[in-house]
Amino acid sequence: MKKNGIAVLGAGESGVGAAILAKTRGIPVFVSDKGLIKTEYRNVLLHYEIDFEEGWHTADKLLNAEVVVKSPGIPDNIPIIEAFRKKGTPVISEIEFAGSFTGSYKICITGSNGKTTTSSLLWHILKGGGLNAGLAGNIGKSFALQVALEKHDYYVLEISSFQLDGMFSFKADIAILLNITPDHLDRYNNDFNQYAGSKFRILQNQTNADAFVYCADDPAIISELAKRQVLAKRYPFTISDRLQQDGAYLDNNELVIQTNENQIRMTIEQLALQGRHNIYNSMAASISAKLIGLRKETIKRCLEDFENVEHRLEFVANVHGIEFINDSKATNINSTWWALESANKPVIWIAGGIDKGNDYSLLGDLVKKKVKAIVCLGLDNSRIFEAFSDAVETIIETHSAGDAVKVAYSLGEPGDLVLLSPACASFDLFENYEDRGKQFKQHVKQL
């Protein structure tokens, strides 16, 4: 790194982590955030005596940087990024930057849905096996911060397509690809192939000494694999076929994990995570844990005692016979499809927010079959009304979590399920999906 050091764009978890890593390694660093920096992050920057600005990007201060670390939420087409590219300055992600400072073993997980659950489950298994493992990426404390201040032998990294877009030299020892369904297409020129290409960057730089764990039931993954040369050893997982190779499959109601002629078997009823989508998540985590060398007993025990992550099909309360489930993390159609598919009661569905190019027709059959009423929670709910007015008799518009909960409760009766599974981003009314989920839970508990 030359004397001009790095510029960090965005002063959230990832940007501040990258800045601290640079500072602790003696690299000059300047942080710039076009918005106002949260107090907690401003205090950290002040503590480490890191120069920063907020409210704007000052080109004169930024364009001399040797490298730019861009936070994943910042689009690629803003003027300052285009200025860096015109000058030939590398623009990388925090994951790429941090990866160059650690030789630890890295298990990287991407996909449109299930990343957080699978990452948390795998980390739980590694910790249960006594390994010194960090959980980072798109979850928890940033990867860069942990590389700067902690020393882990293993990292479980949840990685989004936006982070992958800024990764070039980074290599995963185990790459996990859970699924590819339309999401964030507004950032990919509404081109699904561009988005799928970003997901497959999880494989870059892998060799035949590495592993690729993937869902063999996902048509987009299989289609993309046919176009690519994969050097890493493949470990598919499936619930529709009995595998004749290493990977994971279902044998009647038994989950089978096989690697190197060894098998783990357990019934799906033993899994802490229930539902078809969670069988896939459990398979992916189990294969990876097995490849790392953890014992069968450890893997089985951790699959049985894992507690699900917040905001993902999270049970909130049963109020006078009406069950409330918080699935605020469902910010796309496929996530909501799984939530509705797993419901075994009449559903009052709370949906809406910022639409990322959703094709609601994919939910049509499930909504007709399972949803008795829809409560919209967003500033513009016109597309939900348009998509489902013929399928559901009752659709009501609300503009706050409190109103959505009250309306849903008034529509319910004992034996019903109120499901917050928005299929949309949250930024029209909430700070993020966590804020949306927490407000939902708070108002449910006030009923």
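Residues numbered from 1 in each chain as written. Predicted model: local features only at pLDDT ≥ 70, side-chain atom pairs only at ≥ 80, totals over all residues. Heavy atoms only, no water.

**Q** Would you take a moment to explain the pairing of strand E4 (residues 67-70) for this structure?
**A** For a regular strand, side chains alternate in direction, first toward one face of the sheet and then toward the other. Here E4 shows a buried face lined by Val67 and Val69 and a second buried face lined by Val68 and Lys70. When E4 meets strand E5 (residues 91-92), the two strands line up parallel, connected through two bridges. The partner of valine 68 across the bridge, within E5, is valine 91. Handedness of the crossover is the feature at issue here: the chain leaves E4, passes through helix H4 (residues 79-87), returns alongside E5, and the resulting connection is right-handed. (Buried < 20%, exposed > 50% of the residue type's maximum accessible area, 1.4 Å probe, protein only. Helix = DSSP H or I, 4+ residues; strand = E, 2+ residues; numbered from the N terminus. Pairing = 2+ DSSP bridges. Right-handed = clockwise from strand over helix to strand, strands pointing away.)

**Q** Help me understand the sheet that holds strand E1 (residues 6-9), please; the structure alone is not making it clear to me.
**A** One key point about sheets: their strands pair by backbone hydrogen bonds, in either a parallel or an antiparallel sense. Pairing within the open sheet is parallel, and its five strands lie in the order E3-E2-E1-E4-E5. The strands lining the two open edges of the sheet, one partner per strand, are strand E3 (51-54) and E5. Both E1 and strand E2 (residues 29-33) contribute to a ladder of four bridges, which runs parallel. Bridging from a neighbouring strand, isoleucine 6 pairs with valine 29 of E2.

**Q** Help me understand helix H1 (residues 13-24) in this model?
**A** With twelve residues, H1 extends 17 Å between its outermost C-alpha atoms, agreeing within 8% with the 16 Å of an ideal straight helix rising 1.5 Å per residue. Burial analysis of H1 places nine of its twelve residues in the buried class, the great majority of the element. Those residues of H1 that fall on the buried side of the exposure criterion are Ser14, Gly15, Val16, Gly17, Ala18, Ala19, Ile20, Leu21 and Ala22. Contacts from the buried residues of H1 go to E1, E2, helix H2 (39-47), E4, helix H5 (94-99) and helix H7 (143-149). Of the residues one or two after H1, glycine 26 is the one with positive phi, at around 75 degrees. (Expected span 1.5 Å × (residues − 1). Contact = heavy atoms within 4.5 Å.)

**Q** Where do I start with helix H6 (residues 115-128) in this structure?
**A** Think of an α-helix as turning once every 3.6 residues; residues three or four places apart then point the same way. Here H6 spans 20 Å end to end across 14 residues, near enough to the 20 Å set by a 1.5 Å rise per residue. Within H6, burial applies to Lys115, Thr116, Thr117, Thr118, Ser119, Ser120, Leu121, Leu122, Ile125 and Leu126.

**Q** What exactly am I supposed to notice about the pattern of salt bridges here?
**A** Once their charged atoms are close, side chains differing in charge can pair, the charge on each being opposite to the other. A complete count under the given rule lists 20 salt bridges for this structure. When the shortest N-O distance is used, the salt bridge between glutamate 431 and lysine 38 registers 2.8 Å. Highlighted residues: glutamate 431 in the loop between strand E20 (417-420) and helix H17 (433-444) and lysine 38 in the loop between E2 and H2, separated in sequence by 393 residues. A relative accessible area of 41% means that lysine 38 is categorised as partly exposed. One salt-bridge network, held together by shared partners, links Arg242, Asp251, Glu254 and Arg265. (Salt bridge = Lys/Arg side-chain N within 4 Å of Asp/Glu carboxyl O.)

**Q** How do you make sense of the packing of H1 against H2 when you look at a structure like this?
**A** For any two helices packed against each other, the geometry is given by the interaxial angle and the distance between the axes. Interhelical geometry of H1 versus H2 gives an angle of 5 degrees and a closest axis separation of 11 Å. Accordingly, the angle class assigned to the pair H1 and H2 is roughly parallel. On the side of H1, the interface is formed by Glu13, Val16, Ala19 and Ile20, while H2 contributes Tyr41, Val44 and Leu45. Broken down by class, the residue content of the contact of H1 with H2 amounts to six nonpolar, no polar and one charged. (Axes fitted to C-alpha atoms, helices over the stretch in contact; angles between N-to-C directions. Parallel < 35°, antiparallel > 145°, perpendicular 65-115°, else oblique. Nonpolar A, V, L, I, M, F, W, Y, C, P; charged D, E, K, R; others polar.)

**Q** Would you explain the layout of surface pockets in this entry?
**A** One water molecule sets the probe size; rolling that probe over the atoms shows where empty space is left. Taken as a whole, the second largest pocket holds about 480 Å³ of empty space. Taken together, 27 residues make up the lining of the second largest pocket; nearest its centre are Asn179, Thr181, Asp218, Asn334 and Trp338. Mapped onto the lining of the second largest pocket, the elements with two or more residues apiece are helix H10 (219-225), helix H11 (276-292) and helix H13 (333-342). No other element matches the five residues that H11 contributes to the lining of the second largest pocket. Residue classes in the lining of the second largest pocket are distributed as eleven nonpolar, eleven polar and five charged. (1 Å grid on protein atoms, 1.4 Å probe; cavity = no way out; pocket = protein on both sides within 12 Å on 5 of 7 lines; lining within 4 Å. Points joined across faces, edges and corners; volume = space filled by probe spheres on them.)

**Q** Would you explain the packing of H6 against helix H12 (residues 296-305) in this entry?
**A** Contact geometry for H6 and H12: axes closest at 9 Å, N-to-C directions at 130 degrees. For the element pair H6 / H12, the angle class is oblique. Helix-helix and strand crossings are classified by hand; for H6 and H12 the assignment is right-handed. In contact with Leu121, His124, Ile125 and Gly128 of H6, H12 contributes Thr298, Ile299, Arg301, Cys302, Leu303 and Asp305. Split by residue class, the contact of H6 with H12 holds five nonpolar, three polar and two charged. (Left-handed = near helix turned anticlockwise from the far one by under 90°.)

**Q** Help me understand unusual backbone geometry in this model?
**A** For residues other than glycine, phi is negative in most cases, and the peptide bonds are mostly trans. With a phi angle near 55 degrees, asparagine 252 is a residue other than glycine that sits in the positive phi range. With respect to the helices and strands, the residue asparagine 252 is situated in the loop between strand E12 (247-251) and strand E13 (254-259). You will see that histidine 320, though not glycine, has its phi angle at about 50 degrees, which is positive. Here histidine 320 shows up in the loop between strand E15 (314-319) and strand E16 (322-326).

**Q** Honestly, the sheet that holds strand E19 (residues 394-398) in this entry has me stumped. Any pointers?
**A** On the basis of which strands lie adjacent, the open sheet formed by six strands has the order E15-E16-E20-E17-E18-E19 and mixed pairing. In this open sheet, the two edge strands, each paired with only one partner strand, are E15 and E19. When strand polarity is set aside, the average angle formed by the axes of neighbouring strands in this sheet is 20 degrees. The pairing of strand E18 (residues 371-377) with E19 spans five bridges and is parallel. Looking at E19, one finds that cysteine 376 is bridged to glutamate 397. Of the strands in this sheet, E15, E16, strand E17 (347-351), E18, E19 and E20 are in contact with helix H16 (residues 401-411), which crosses E18 at around 165 degrees.

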